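Listed below, chain by chain, are the residues.
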Amino acid sequence: NITEYERLDYTAQDVRYTAMDGALYATLLAWPKEPVVLESLAGLYPGEVEKVSMLGSGELLDWKQTEKGLWVAPPKEKPCRHAFVLKIIRKQPF
């Protein structure tokens, strides 16, 4: 339990995942000031990811699959004040 007197300082490397309707959602618990690598997705096959977007942002994101994971550059503007959600679409749904 975290009380109001205890404060957790999250980073963009603190990520929570969920999936729904064929999409994977990666919630970054802090704003990424630089590109982030989703290391949990290192096991995806090359070319498996079709599209990456950030909910609330209309900006096209730069992204690429690497051996270390899915590399994603954040949009220039924050789409919200708190958690930041990447929507990841695979060529074949999860």
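Residues numbered from 1 in each chain as written. Predicted model: local features only at pLDDT ≥ 70, side-chain atom pairs only at ≥ 80, totals over all residues. Heavy atoms only, no water.

1. Some points on the nonpolar core
- By size, the foremost hydrophobic cluster in this structure holds 18 residues, and its most contacted members are L28, L38, V52, L70, L86 and I88.
- Looking at this core, the elements with two or more residues in it are β2 (23-28), β3 (36-38), β4 (49-54), β6 (69-72) and β7 (84-90).
- Those residues in contact with L38 that lie beyond four places of it in its chain are V15, Y17, A26, L28, K68, G69, L70, L86 and I88. (Core = buried A, V, L, I, M, F, W, Y, C linked by side-chain atoms within 4.5 Å. Buried < 20%, exposed > 50% of the residue type's maximum accessible area, 1.4 Å probe, protein only. Helix = DSSP H or I, 4+ residues; strand = E, 2+ residues; numbered from the N terminus. Contact = heavy atoms within 4.5 Å.)

2. Some details on the sheet that holds β6
- Pairing within the open sheet is antiparallel, and its 3 strands lie in the order β3-β6-β5. The open sheet has two edge strands, β3 and β5 (63-66), and neither has a second partner. Neighbour to neighbour, the strand axes of the sheet diverge by 25° on average, direction disregarded.
- Bridge analysis of β3 against β6 gives 3 bridges, and the strand direction is antiparallel. Directly across from L38, in β6, lies its bridge partner L70. (Pairing = 2+ DSSP bridges. Axes fitted to C-alpha atoms, helices over the stretch in contact; angles between N-to-C directions.)

3. Remarks on unusual backbone geometry
- With a phi close to 50°, D21 is a non-glycine residue in the positive phi region.
- On the secondary structure map, D21 appears in the loop between β1 (15-20) and β2.

4. Notes on the pairing of β7
- Burial within β7 is extensive, with 5 of its 7 residues counted as buried.
- Sheet topology note: the β2/β7 ladder contains 6 bridges and is antiparallel. From the neighbouring strand, Y25 faces β7, where its bridge partner is K87.
- Where β4 meets β7, 5 bridges bridge the pair, whose relative direction is antiparallel. Residue K51 lies in a different strand from β7, and its bridge partner there is I89.

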